[in-house]
Amino acid sequence: MLVVGGGLVGLATAVFLGELGVRTVLVDRHAGASIQGRARGINQRTMELYRAVGLEAEIRAAGRPFADDWGVARCETLAGDWHWLFADDAPKAWPDLSPSEFCQADQSAIEPILIAAGRTRGTSYRFGTELVSLTQDEDRATAVLGDLATGANSTVEARYVVAADGQRSPIREQLGIPRTGPGVVQHSASIVFRADLAPYVPRRALFWIIANDAVGAGLVTTAEPGRWSLNVAYDPAAGQSLEDFTTERAIAAVRAAVGVPDLAVEIEDVAGWQQTIGLADRYRAGRVFLAGDAAHTWPPAGAMGANTGVQDGHNLAWKVAGVLRGWAGERLLDSYEAERRTVAAELSDLIVKRQLKRIGTTVEDDTTDDQLWTLGQRYRSDAVAGADHTTVFGDTLDRTVRPGCRAPHVWIDNQISTHDLFGRGYVLFAPTDPQPWLDAIRQVQPTLPVEAYRIGTEPRWSSYGPSPLVSLIRPDGYVAWTGTDPEHLAGVMPSLLALDR
Ligand SMILES: Cc1cc2nc3c(=O)[nH]c(=O)nc-3n(C[C@H](O)[C@H](O)[C@H](O)COP(=O)(O)OP(=O)(O)OC[C@H]3O[C@@H](n4cnc5c(N)ncnc54)[C@H](O)[C@@H]3O)c2cc1C
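Residues numbered from 1 in each chain as written. Predicted model: local features only at pLDDT ≥ 70, side-chain atom pairs only at ≥ 80, totals over all residues. Heavy atoms only, no water.

A.B. asks: Any details on the pairing of strand 9 (residues 141-147)? Residues and values, ideally.
C.D. replies: In the sheet, strand 8 (residues 129-136) pairs with strand 9 via seven bridges, with the strands oriented antiparallel. Residue pairing for strand 9: glutamine 136 is matched across the bridge by alanine 141. Hairpin geometry of strand 8 and strand 9 is characterised by an intervening segment of four residues between the two adjacent antiparallel strands. (Pairing = 2+ DSSP bridges. Helix = DSSP H or I, 4+ residues; strand = E, 2+ residues; numbered from the N terminus.)

Pasting the structure below:
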């Protein structure tokens, strides 16, 4: 497996693949982890996925300095009055719904954790290396890689490729996959700086939207107390460019945003990024799969970019593992686009509305809440049997076991959630002896990794009922099937695993 791109999405995908024993090579132009950490908000669903590979505690610890940061505020200057857009009303933990809590941890703090985790799972990293070209035939994909230090080219062959190569995605471009949407809506310079802002920040936020006559910017906290990132919008149509952001200009922008003309500021880095809205028309071209910003890009409102991308990688990883291990047919990989692109298409509209609302525009129909966005994404595809919903999100979060939905979280004891059982293979929950259903599965696919559990009769298991309902959960914690008849399960298994019979 080849992963192109070592941002959060590529790095996390390599961990998920490695966890399932898929040997992966990851390449990135950069020399190592990013210092320009943009994504900070990791939602409960993404934390569940990190939890399943044993990284939740380490990632939470990396975010610890800012565990209490919360909310988004708007102001003219940081030193002036703030108007909270949201403060304490968005809970970080939903203990009835998920074993994991929302976490704020800097991208620059998480990436080294993911790299170390990938390494122990066999990922081979080629940083400072660029993908030069990518071709594919019936058997394999062939990538020519260029070492940016030496200029030497080498070749890597892989069965499949994940294009996690960011919003400009050279791979998407090369494949000629169109992207639908308005495209670049804002150019920004991201200024990473050090300054003592404590006197102006009586209560830390996730970020501040700052607008005055001199500067329009978003100020983001980082994992170090005196280190900040100011994202300043500029307009190329008005003749402005990233090159304008000299050290002097960057210091002036920081001072204007804070509202303190003689503030001591040390500039660490200035990099450009473009706020882009777009969705790739396809997520798959033969052996190549788009993931993360290569597939979908949105404004930051809702903190969905990296979260959705990491969840893309997780959705793909177990399917690839199934095909490479031989327990699933190649067509299972088509369900990746059917599931993840449909979710992204639905989110695109909602996120744009939320962003407009955040900058003060009145929007209608902005009803989808964080719980639904995070835990309520529903799938319809051949990898699910019997889904009875027609939309990605329902009106409220369904807490019962339903095909195509994320499986309910139930504490098995004080520390182990049902979600801790998912990831390695399929999981079967039955209120009676599960053997007949296990036999039904094995009769179709003897090599399928599947664990069976007999669930209790206590009220907490009601979300997996009513008895005698049996449920089959996929490795990503989504419900593949529910029913009571082993023969019915045997009948749908070939389709669920895309086995050509
Ligand atoms: C201000 C801001 C705040 C945000 N906050 C959040 C948040 O709180 N939560 C959240 O979920 N999202 C957030 N986002 C969005 C999030 O940052 C992105 O969605 C996410 O980081 C995208 O990750 P990625 O791995 O897909 O792409 P990238 O991080 O862009 O990584 C792509 C990688 O591919 C490499 N690459 C590209 N082409 C090649 C090539 N040919 N050869 C080798 N390497 C190549 C690049 O070097 C790069 O490292 C925020 C975004 C912004 C701008």
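A.B. asks: Lay out the packing of helix 1 (residues 8-19) against helix 7 (residues 305-325) with the relevant residues and their values.
C.D. replies: Contact geometry for helix 1 and helix 7: axes closest at 8 Å, N-to-C directions at 30°. It follows that helix 1 is roughly parallel to helix 7 by the angle criterion. Handedness of the helix 1/helix 7 crossing: right-handed. Each of Leu8, Val9, Ala12, Thr13, Phe16 and Leu17 in helix 1 lies in contact with helix 7, whose residues at this interface are Ala306, Gly309, Val310, Gly313, His314, Ala317 and Val320. When the residues that make up the contact of helix 1 with helix 7 are grouped by side-chain class, the tally is nine nonpolar, four polar and no charged. (Axes fitted to C-alpha atoms, helices over the stretch in contact; angles between N-to-C directions. Parallel < 35°, antiparallel > 145°, perpendicular 65-115°, else oblique. Left-handed = near helix turned anticlockwise from the far one by under 90°. Contact = heavy atoms within 4.5 Å. Nonpolar A, V, L, I, M, F, W, Y, C, P; charged D, E, K, R; others polar.)

A.B. asks: Mind laying out the sheet that holds strand 9, listing which residues take part and the relevant values?
C.D. replies: The strand order across the open sheet formed by three strands is 8-9-10, and the pairing between neighbours is antiparallel. Unpaired on one side and paired on the other, strand 8 and strand 10 (153-158) mark the two borders of the sheet. Averaged over neighbouring strand pairs, the angle between their axes works out to 25° when direction is ignored.

A.B. asks: I'd like to hear about helix 7, residue by residue, with values.
C.D. replies: Look at helix 7: 30 Å from first C-alpha to last across 21 residues, which is about the 30 Å you get at 1.5 Å a residue. Extensive coverage of helix 7 is indicated by the burial of 17 of its 21 residues. Count one or two residues on from helix 7 and you reach glycine 326, which has phi positive near 95°. (Expected span 1.5 Å × (residues − 1). Buried < 20%, exposed > 50% of the residue type's maximum accessible area, 1.4 Å probe, protein only.)

A.B. asks: Describe helix 2 (residues 44-52), listing the residues and the values that go with them.
C.D. replies: Within helix 2, eight of the nine residues are buried, which leaves the element mostly enclosed by the surrounding structure. Three or more residues of helix 2 are buried, namely Gln44, Arg45, Thr46, Met47, Glu48, Leu49, Tyr50 and Arg51. The N-cap residue of helix 2 is asparagine 43: its side-chain oxygen and the backbone nitrogen of arginine 45 are 3.2 Å apart. Immediately downstream of helix 2, the backbone of glycine 54 shows phi near 80°, a positive value. (Polar contact = N/O pair within 3.5 Å; in protein donor to acceptor, adjacent residues only side chain to side chain.)

This is a description of form; function is not addressed.
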